[in-house]
Amino acid sequence: MDTQVKSSLAILGGEKAVKSDFGDTFVWPIVTKEDEDAVLDVLRRRAMSGTDVTKKFEAEFAKWQGTKYALGFNNGTAAIHAAMFGCGVGVGDEIICPSVTYWASALQCFSLGATVVFADIDPKTLCIDPNDIEHRITSRTKAIVVVHYLSHPADMDPIMEIARRHNVKVIEDVSHAHGALYKGRKVGALGDVAAMSCMTGKSFAIGEAGVLATDNLEIYERAIALGHYERFGEQIQTESLKPFIGMPMGGYKYRMHQVSSAMGLVQLKHYDSRCQEIRRGMDYFWKLLEGVPGLKPHRIEYPESNMGGCYAPRGHYCPEELGGLSVTRFAEAVRAEGFERCYPACNSALHLHPLFNTCDVYGHGKPTRIANSSRDLRQPEGSLPVSEGIGARTYTIPWFTHYHPEVIEECANAYRKAAENFKELLPGDAGNPPHLGGWHFFSHG
Ligand SMILES: *Cc1c(COP(=O)(O)O)cnc(C)c1O
């Protein structure tokens, strides 16, 4: 670079790496006449609040997921709430959840009278660190919530071993990783129960919707009992639930909208092949960046595994290989190259949010996190170092939902240029702001 008079970096006046029109590269989900017809049929039959299409969707989903039962919900938050109730999470109980995830992996426990203990994440997988779970288990721990974060399957084998040894249930939050494989097995069929979002923007995107999947009849029926009054009837087999049929035990109404289940039936048929196309693009992107300093793929390394639809893809950032260049300045340079969706960080660490520290949600006269527990288990700054520092070591990469090699090449070149010319970026680097990342992220139309 020192032979050049002018910088090649667009942010310093050079030519942009990205020149092509993206076309449909980032369009998702794929909606065809088949989806439209299915949805219109529901509308024309005025069947939006029925359950006939939803029950068909659930049967197909269970087959695809490889579980005995699947239950539709109006969103993922409700499905995870029901999974917690299904596992018996109640007053005074604790769940263990990674700190770096979307709030709906954990927060519903408050309304069950329970509380959450956060575990740190593994710096490579970005999922819950299996080595940071066991010492957090107490006699009150009812469930471990595992999030297959940013499509990366969590390391389920050691997690299940720990959970079995302590008689604790495992809830998989599959909202980022529908269809991903862990050592030859589909995530969502590995724990005691799985729950997931299917909102538009996720990789399995069918509107506002959620699904709970399990092999366990009692968990399934408790999930029905919480928020599906119209199904909470004579067919229920769990003795402890029978006296209360007819009313939702939680006082919630969580039914799935049939416009979503109609779309879900269509999307499910095409989902695996569409995911294959996504993975082909993501693999190509990372192949083009092999050997570039500072940039490492966030990718699954277990055998016979994959990252499903590669939702919310990120890369690892190693500033020590780039003279300490901040990820904030790096992302700014990538955006200037013509890929405008490159931002630093991922979800912020939940344990630092005031809601988990000072907020008295239900009028107990003290913070809910403490009120719902027999002890003060708040976790101060410094207690989960990987979670707290991960924002400075991650950045978004393009989600290539359609395979167009020339677009992928140009985008990869934007990242390559910014990294390889890091020395030119150092003088203008103001560093990272004190807080990186956000409490939620998703793309929506
Ligand atoms: C989106 C999301 C949810 C919540 O799902 P909704 O459908 O938005 O209610 C839960 N967990 C994770 C990890 C998510 O990304």
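A few points on the structure. Source: prediction; values computed, not measured.

A short note on the pairing of strand S9 (residues 210-214)
Most of S9 is tucked away: 5 of the 5 residues are buried. As judged from the 5 bridges shared by strand S1 (residues 69-73) and S9, these two strands associate in the antiparallel manner. Its bridge partner being in S9, phenylalanine 73 is matched across the sheet by glycine 210. Across 5 bridges, the pairing between strand S8 (residues 193-197) and S9 is antiparallel. Bridging across to S9, methionine 196 finds its partner in valine 211.

A short note on the pattern of salt bridges
When charged atoms on two side chains of opposite charge get close, those side chains can pair. By the definition in use, this model includes 27 salt bridges. Between arginine 45 and aspartate 41 there is a salt bridge, and its shortest N-O distance comes to 3.1 Å. Looking at arginine 45, the relative accessible area reads 40%, which means it is partly exposed. Across the pair arginine 255 and glutamate 230 runs a salt bridge whose closest N-O atoms are separated by 3.5 Å. Separated by 25 residues along the polypeptide, arginine 255 in the loop between helix H5 (217-227) and helix H6 (258-288) and glutamate 230 in the loop between H5 and H6 bring together distant segments of the chain. A single network of salt bridges, built from pairs that share partners, joins Glu58, Glu230, Arg231 and Arg255.

Considering the sheet that holds S8
Across the sheet, 7 strands lie side by side as S1-S9-S8-S5-S4-S2-S3; this open sheet has mixed pairing. Because the sheet does not close on itself, it has two edges, and the strands there are S1 and strand S3 (115-119). Geometrically, the sheet is characterised by an average inter-axis angle of 20° between neighbouring strands, direction not taken into account. Contacts from helix H3 (residues 76-86) reach S1, strand S2 (94-98), strand S5 (169-173), S8 and S9, with the element oriented near 165° to S8.

Examining the side chain of arginine 369
Assignment of secondary structure puts arginine 369 in helix H8 (residues 368-371). It turns out arginine 369 is buried and unbridged, and the closest side chain with the opposite charge, aspartate 376, is 6.9 Å from it. A polar side-chain atom of arginine 369 sits 2.9 Å from the main-chain carbonyl oxygen of valine 116. A distance of 2.8 Å separates the side chain of arginine 369 from the side chain of glutamine 379, its partner in a polar contact. Residue contacts for arginine 369: discarding those within four places in its chain leaves Phe110, Thr115, Val116, Val117, Phe118, Phe356, Leu377, Arg378 and Gln379.

What about the environment of serine 7?
Tracing the backbone shows serine 7 in the segment before helix H1 (33-44). Since its relative accessible area comes to 14%, serine 7 is described here as buried. Once the C-alpha coordinates of serine 7 and leucine 436 are considered, the two residues, 429 residues apart in sequence, prove to be 28 Å apart. In this view, serine 7 contacts Leu12, Gly14 and Glu424; residues no more than four positions away in its chain are not counted. In this structure the side chain of serine 7 is engaged in a polar contact, spanning 2.9 Å, whose partner is the backbone nitrogen of leucine 9. In terms of polar contacts, serine 7 uses its side chain to reach the side chain of glutamate 424, at 2.4 Å.

What about the site of the ligand?
In the vicinity of the ligand lie 15 residues, with Gly76, Thr77, Asp173, Ser197 and Lys202 positioned nearest. The contact in question runs from an oxygen atom of the ligand to an N or O atom on the side chain of histidine 176, over 2.8 Å. In the environment of the ligand, an oxygen atom lies 2.6 Å from a nitrogen or oxygen atom belonging to the side chain of serine 197. Burial of the ligand by the surrounding chains reaches 95%, relative to a free accessible area of 380 Å².

Reading the values: rules and limits
Residues numbered from 1 in each chain as written. Predicted model: local features only at pLDDT ≥ 70, side-chain atom pairs only at ≥ 80, totals over all residues. Heavy atoms only, no water. Buried < 20%, exposed > 50% of the residue type's maximum accessible area, 1.4 Å probe, protein only. Helix = DSSP H or I, 4+ residues; strand = E, 2+ residues; numbered from the N terminus. Pairing = 2+ DSSP bridges. Salt bridge = Lys/Arg side-chain N within 4 Å of Asp/Glu carboxyl O. Axes fitted to C-alpha atoms, helices over the stretch in contact; angles between N-to-C directions. Contact = heavy atoms within 4.5 Å. Lys, Arg positive; Asp, Glu negative; His and termini not counted. Polar contact = N/O pair within 3.5 Å; in protein donor to acceptor, adjacent residues only side chain to side chain. Near = heavy atom within 4 Å. Areas by Shrake-Rupley, 256 points an atom, 1.4 Å probe, with all protein chains shown as cover.

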